[in-house]
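Below are the chains, spelled out letter by letter.
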Protein chains: 2
Amino acid sequence: MFEKKKREVMDKLKEAISENRVDKDILDTLNLINSRKEYYTTSSCAGRIALIWMPDLGDKKRAEFLGKWHGKITYEDMIECLEFRDHGVVFLISQSPIIHVASYDLKSAVKIRNLAYSCGFKNTGIKSINKNIIVEILSTERIDVPLGEKELLVDEEYLRFLIKYANRALERSRKKLKKLNEKLRSF
Amino acid sequence: MFEKKKREVMDKLKEAISENRVDKDILDTLNLINSRKEYYTTSSCAGRIALIWMPDLGDKKRAEFLGKWHGKITYEDMIECLEFRDHGVVFLISQSPIIHVASYDLKSAVKIRNLAYSCGFKNTGIKSINKNIIVEILSTERIDVPLGEKELLVDEEYLRFLIKYANRALERSRKKLKKLNEKLRSF
């Protein structure tokens, strides 16, 4: 059952990789995890910086990306994408890498959870154990900044400062990803 | 073993309540959970808004609270506590309620995890299953805004806007807490 499902998911992953739909910065980690018979990855993101328009606080379903970057950004990158509407709010966010790992049994789930935790992914936990046992590997670096409703409410100096922080948050979490890769190699 | 540990933790909780160290807004939830023999709560927060000085991004160990509120705040509340230092950065954060629940076995852990998830606590998961099985009940409302390093980099208009959002985030997550209480009553 687990092996069959893994084969299906791995076929889809190969397809996604060939179509450039998987972050390059997380490929090593995915390969290292998927090389072990007791795990397979179901979804992932290498961490990102994004500009998001939301019709209302927390309404993620109807949110729209104005810009999305998987690496460091400049002030100019951001300004190019920044736009306001007559309602809703625009957020700048910086998110940690996230990896969902299906595990063969609870023992292996706990093992990879502890490994990721020891690399600084302090928000790692078992997200579900209903049909599949899914471990969510997640770190704590995060910036969620509302920039304004109908118009931008901060100035260039602040935006540059914010981008510096967003970039540093991304950098910090990428270092954790490298550490995780090292540990996975000798797992 | 579980029952003995629960008695110890409950004695400490009673002491904390009598010393006013537990958020009033989460007491109903704690009592509802603790009234069931298969669970006990180990730590909790009803959600809060806080001003935090951090020596460096993500350095939570050496961070210091400049202000901490478990209810809605005003612009004046915040300004009173806002101060900058010659290094480090000041953040305004708004955090979801959080409850850690020790569970008797995996079946009961999954049960309360699913209940909390269905009330909108979408970041709920099993945090550890080593010595104890701990479910972390957590929602997604969150604001993490760096306000400046040596000085404030935003103006009053933006701060008022930010506080409005922080208050709304708190309000939203408190509604989820009420929904959780209702469901726990008929659990």
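Everything below is about the structure printed above this text.
Scoring rules and cut-offs
Residues numbered from 1 in each chain as written. Chains lettered and ligands numbered in written order. Predicted model: local features only at pLDDT ≥ 70, side-chain atom pairs only at ≥ 80, totals over all residues. Heavy atoms only, no water. Patch = residues over 30% accessible without salt bridge, like charges linked within 9 Å, V, L, I, M, F, W, Y side chains within 5 Å. Areas by Shrake-Rupley, 256 points an atom, 1.4 Å probe, with all protein chains shown as cover. Salt bridge = Lys/Arg side-chain N within 4 Å of Asp/Glu carboxyl O. Lys, Arg positive; Asp, Glu negative; His and termini not counted. Charge placed at Lys NZ, Arg CZ, Asp CG, Glu CD. Buried < 20%, exposed > 50% of the residue type's maximum accessible area, 1.4 Å probe, protein only. Core = buried A, V, L, I, M, F, W, Y, C linked by side-chain atoms within 4.5 Å. Helix = DSSP H or I, 4+ residues; strand = E, 2+ residues; numbered from the N terminus. Least-squares fit on C-alpha atoms with pLDDT ≥ 70 in both. Contact = heavy atoms within 4.5 Å. Buried area = accessible area lost by both parts, 1.4 Å probe. Axes fitted to C-alpha atoms, helices over the stretch in contact; angles between N-to-C directions. Parallel < 35°, antiparallel > 145°, perpendicular 65-115°, else oblique. Left-handed = near helix turned anticlockwise from the far one by under 90°.

### Things to note about a negative patch on the surface
For step 1, the next point in the chain: On the surface, Glu151, Asp155 and Glu157 of chain A together with Glu151, Asp155 and Glu157 of chain B cluster together into a patch of negative charge.
For step 2, the next point in the chain: On the accessibility criterion, Glu157 of chain B (48% relative accessible area) is partly exposed.

### Considerations on the nonpolar core
For step 1, the next point in the chain: Within the largest apolar cluster, 66 residues are counted, with the highest numbers of intra-cluster contacts made by Ile99, Ile126 and Leu180 of chain A together with Ile99 and Leu180 of chain B.
For step 2, the next point in the chain: Grouped together as the second largest cluster of nonpolar side chains are 64 residues, Ile49 and Trp53 of chain A together with Tyr75 and Leu162 of chain B included.

### Here's the deal with unusual backbone geometry
For step 1, the next point in the chain: Even without glycine at this site, Asn20 of chain A takes up a positive phi of about 65°.
For step 2, the next point in the chain: Within the secondary structure, Asn20 of chain A is located in the loop between α1 (2-18) and α2 (27-34).

### Describing the relation of the copies chain B and chain A
For step 1, the next point in the chain: The operation relating chain B to chain A is a screw motion whose rotation component is 180°, with 0.0 Å of axial translation and a residual RMSD of 0.0 Å. In short, the pair behaves as if placed about a two-fold rotation axis.

### Focus: the environment of Ala116 of chain A
Residues and elements named next belong to chain A.
For step 1, the next point in the chain: Structurally, the position occupied by Ala116 is in helix α4 (residues 106-118).
For step 2, the next point in the chain: Taking the C-alpha atoms as reference, Ala116 lies 9.1 Å from Ser139; in sequence the two are 23 residues apart.
For step 3, the next point in the chain: Excluding residues that lie within four positions of it along the chain, Ala116 makes contacts with Phe121, Thr124, Ile137 and Leu180.

### Quick look at the interface of chain B and chain A
For step 1, the next point in the chain: At the junction of the two partners, chain B supplies 40 residues and chain A supplies 40 residues.
For step 2, the next point in the chain: Buried area between chain B and chain A, summed over both chains or domains, comes out near 3400 Å², and the portion from carbon and sulfur atoms is 54%.
For step 3, the next point in the chain: On the chain B side of the interface with chain A, the three residues burying the most area are Leu57, Lys127 and Leu153 of chain B, jointly 19% of the side's total.
For step 4, the next point in the chain: At the junction of chain B and chain A, the tally comes to three salt bridges.
For step 5, the next point in the chain: In this structure, the salt-bridge partner of Lys164 of chain A is Glu149 of chain B, at a minimum N-O distance of 3.2 Å.
For step 6, the next point in the chain: Considering every element that reaches the side of chain B that touches chain A, the biggest residue donor is helix α5 (residues 156-185) of chain B, with nine residues.

### Considering the packing of α4 of chain A against helix α5 (residues 156-185) of chain A
All names here are of chain A.
For step 1, the next point in the chain: Between α4 and α5, the least distance of the axes is 9 Å, while the angle of their chain directions is 135°. Regarding the angle of α4 to α5, the classification is oblique. α4 and α5 meet at a crossing whose hand is right-handed. Residues Ile112, Leu115, Ala116 and Ser118 of α4 pack against Lys179, Leu180, Lys183 and Leu184 of α5.

Structural measurements only, silent on function.
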